[in-house]
Amino acid sequence: MANITKKVSWSSRADDSNATGEGTPLLNGSDQLGYSRQQSGGSISQIGRVSTVDMDEEITSEEDSLRGRPKEITHNEKLLSLKYESLDYDNSENQLFLEEERRMSYLGFRCLEISRWVVCGLIGFLTGLIACFIDILVEQLAGLKYSVVKENIEKFTAGGSLSISLILWAVLNSSFVMVGAIIVAFFEPIAGGSGIPQIKCYLNGVKIPRVVRLKTLLVKVAGVICSVAGGLAVGKEGPMIHSGAVVAAGVSQGRSTSLKRDFKIFEYFRRDTEKRDFVSAGAAAGVSAAFGAPVGGVLFSLEEAASYWNQMLTWRIFFASMISTFTLNFFMSVYHKNPGEMSNPGLINFGSFDRNSSSEYNLYEIPLFIGMGAIGGLLGALFNALNYWLTIFRIRYIHRPCIQVMEAMLVAAVTATVSFIMIYFSNDCQPLGADQVEDYPLQLYCDDGEYNSMATTFFNTPEKSVRNLFHNKPGSYNPLTLGLFTLTYFFLACWTYGLAVSAGVFIPSLLIGAAWGRLIGIMLPNLSPSSSPSQIWADPGKYALIGAAAQLGGIVRMTLSLTVIMIEATGNVTYGLPLMLVLMTAKIVGDYFEEGLYDIHIKLQSVPFVHSEAPPTSHWLTAREVMSSPVTSFNRIERVGTIVDLLSNTSTNHNGFPVVVSNANGDEPAKLCGLILRSQLIVLLKHKVFVELARSKLTRRKLQLKDFRDAYPRFPPIQSIHVSQDERECMMDLTEFMNPTPYTVPQETSLPRVYKLFRALGLRHLVVVDDSNRVVGLVTRKDLARYHLGKHGLEELQLAQT
């Protein structure tokens, strides 16, 4: 592999996985290989062998003393973690599965399809209820906080003791954030952040431990309420997407493994393939509840989250999104005592842009909008680069839960302090008219009948500040106010993303872009040579909308879905064309300098993410050069002791095993006849499906698919299976339980073709065979994900226990 640049780094010593095979949370999961790897001193240089990094030889006495700290890991974005398992998105079509499918009548299949629609409806309904709960609590808590602080500021303005108001504001912010950070850092770290990178990895086929647990949902909801009420530069949309995905994963299984309650419904859906489709629906329902954008939710799940798609899934996801939006709108209208008018389009209400002359755009503005898209791409790339280095710093030094909580409290206090200082020194006073929409107008040192314009941006929840920038009449802000706000909020939002709190980046990005977009709209009349510039550049609100889209697109690199979300959230299709042009420009410019924010965080956590296409320069690589070998295989009729020993081998911990068969004389090499998974073997051992017991009729009954579904998804560890010495000598027939038709490729298949097959079918294992159908290697997602296009051409990442 002379043309591949090998990147070698080192990471911390791997921690022992728990009994269930799961490791630390995101993105510190536990993925084990489904095949053997040859190692020589921790590294193999031959073609077709995976180079690994053995940390045991690098640990010094000082590092050994730090071995017990699971969060203390070094900068490892040049490594690929061995600790992530893959999900089985390809159905194992063994004899049990085929018999069940053949027994099912046409009516049975129709009932299953109806059940899928019912599950999607329940997902949308529950997601809408969660969104309603979050919105009401945030509104109440934030309203209480801002009312108390406003009253205190008005009380001490004349006396000159505003430092007390500053301390009160900082303490209230820090208190809310402290609660949110404690429950995340100490109880469920996977609930931190927006959750979108985790769900994106899950839908790609990577098993992220605890990502769809009930406890994760509870901490996520409580955490985002505390984060938003605490005044951080965060949004609710990312946590809503994660919450919808957790709801989908739970409802579709008809039971709660956390509560140990089985409702005996939807048992057919207890497998990774079905759960994946429902999680896609849950993510879309979360977007729909957040923005009131059911079509945008479907497109978000298609463009940004899901790796696998089909036509029927589109309609079911749209149904879930519609139910989610309707549920939220109905209950919010009831809460606001106006059930006859469901005017709230979603959790994040941007309000409607009126279709009048001032809000329309002209063709000569299109180049200006494209220029704003380029600015958004540049600022987005800068945001991502700064957050990248900040995340590396956090990985290295801010790894203990107590330090994470203190950092979150510090950011909350600094946010309150900066906001107060900006408001205090601002002399941007605007008349307080009867049509003003500010919830908490601060007079401060303004004259009677006026309010401080800077306070409408800082002294509010972020989504209400975005709405003000979109819809406040011209003249509501002066350029200095918007310029200073853009600068400060940009760095506050960059600092905030990645804290140990539940928080999203959508709304802060929109707020930053709306501020500098409105600034451009204000400055244009002054730069226009026209004699009547006010008629040409009439509405700065439309530039706030364009700037918001450009900034968010520059950070997360969404195009089509974000266009539709913005259209649905603002209720005006007029800006469809300029929004699409702006978002495409922002993505092109941003991608030239830096990756999208979610892709950066996935890479920093060394997740083996399989992208949509293989690296462009990888055609010269073949399956023989990327596969792992030799492969641990089982005979079709295997000794129980051999199976137990291989499953108990902690140095390998394989998850997939080719099944081979030899001819009667045994004079030819064994040939491939199937593939069986670790989880299936554990269930067989648990139920003692041995040939000798079957012959003596000592087994209770024939094993069914229900036994495998009951054990899903938390299959017992091999250590919990007791096998006596006599039972070790028994034989196990794998014929009925293995997948007799696993996907295979010849040795000479090119890497792009292997990549496409693996990605499109959602495979976990791809067997490489020779001309005689003998197993020569095995390809898993780590064998594919370790190749990527870097600055120096095609690079090969090293595998390590990170």
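Described below are features of the structure shown in this document. Residue positions are given per chain, counted from 1 along the sequence in the order it is written. Totals for whole chains, interfaces and linings use all residues, but because this is a predicted model, local features are given only for residues with pLDDT of at least 70 and pairs of side-chain atoms are given and counted only at 80 or more. Side-chain measures here rest on the full set of heavy atoms in the structure, leaving out hydrogens and waters.

1. Topic: the state of the cysteines
Right, on to step 1. Criterion for a disulfide: a pair of cysteine sulfur atoms at a distance within 2.5 Å. Throughout the structure, instances matching the rule amount to one disulfide.
Right, on to step 2. Across the disulfide from Cys429 sits Cys446; the S-S distance is 2.1 Å. Looking down the S-S bond of the Cys429 and Cys446 bridge, the torsion is -80 degrees, so its handedness is left-handed. Linking Cys429 in strand 7 (residues 429–431) with Cys446 in the loop between strand 7 and strand 8 (450–452), this pair joins segments that are 17 residues apart in sequence.
Right, on to step 3. Here Cys429 falls in the partly exposed class, since its relative accessible area comes to 26%. In DSSP terms, a helix is any run of H or I states spanning at least four residues, a strand is any run of E spanning at least two, and both are numbered starting from the N terminus. Three exposure classes are used, based on accessible area relative to the maximum for each residue type with a 1.4 Å probe and protein chains only: buried under 20%, partly exposed in between, and exposed over 50%.

2. A closer look at the pairing of strand 16 (residues 775–779)
Right, on to step 1. Relative to strand 16, strand 15 (residues 766–769) is paired through four bridges, and the arrangement is antiparallel. Across the sheet, residue Leu766 finds its bridge partner in strand 16, namely Val779.
Right, on to step 2. Between strand 15 and strand 16, which pair antiparallel in sequence order, lie five residues; one of them, Asn773, sits at a positive phi of approximately 65 degrees. Two strands qualify as a pair provided that DSSP identifies no fewer than 2 bridges between them.

3. Looking at a nonpolar patch on the surface
Right, on to step 1. Taken together, Phe125, Leu126, Phe326, Phe330, Phe331 and Val334 make up a surface patch of nonpolar side chains, about 490 Å² in accessible area.
Right, on to step 2. Every element with two or more residues in the nonpolar patch is listed here: helix 3 (106–156) and helix 10 (311–335).
Right, on to step 3. Following the sequence through the fold, Val334 ends up in helix 10. Exposure above 30% relative accessible area and the lack of any salt bridge qualify a residue for a patch; like charges then connect within 9 Å, and the nonpolar side chains Val, Leu, Ile, Met, Phe, Trp and Tyr within 5 Å. Exposure was quantified through the Shrake-Rupley algorithm and a 1.4 Å probe, taking into account, for residues, occlusion by the shown protein chains and nothing else. Take a side-chain nitrogen of Lys or Arg and a carboxyl oxygen of Asp or Glu: if they are within 4 Å of each other, that pair is a salt bridge.

4. Here we look at the sheet that holds strand 12 (residues 671–677)
Right, on to step 1. What the three strands build is an open sheet, ordered 9-11-12; its pairing is mixed. Only two strands of the sheet have a single neighbouring strand rather than two, namely strand 9 (634–635) and strand 12.
Right, on to step 2. Where strand 9 and strand 11 (residues 656–661) come together, two bridges link them in parallel fashion. By the bridge assignment, Phe634 is partnered in strand 11 with Val659.
Right, on to step 3. By the convention used here, residues are in contact when the closest approach between their heavy atoms is within 4.5 Å. Between N-to-C directions, angles cover 0 to 180 degrees, with each direction set by a line fitted to C-alpha atoms, over the stretch in contact for helices. Of the strands in this sheet, strand 9, strand 11 and strand 12 are in contact with helix 24 (residues 678–686), which crosses strand 12 at around 75 degrees.

5. Points about the environment of Ser419
Right, on to step 1. As for its position among the elements, Ser419 is in helix 12 (residues 401–425).
Right, on to step 2. Looking at Ser419, the relative accessible area reads 3%, which means it is buried.
Right, on to step 3. For the pair formed by Ser419 and Met454, sequence separation is 35 residues and the distance between their alpha carbons is 8.9 Å.

6. Observations concerning helix 24
Right, on to step 1. Burial of helix 24 is extensive: eight of the nine residues sit out of reach of the surface.
Right, on to step 2. All buried positions along helix 24 are accounted for by Arg678, Ser679, Gln680, Leu681, Ile682, Val683, Leu684 and Leu685.
Right, on to step 3. Against the buried residues of helix 24 lie strand 9, helix 23 (640–648), strand 11, strand 12, helix 26 (705–711) and strand 13 (731–733).
Right, on to step 4. After helix 24 finishes, the residue Lys688 shows a positive phi value of roughly 50 degrees.

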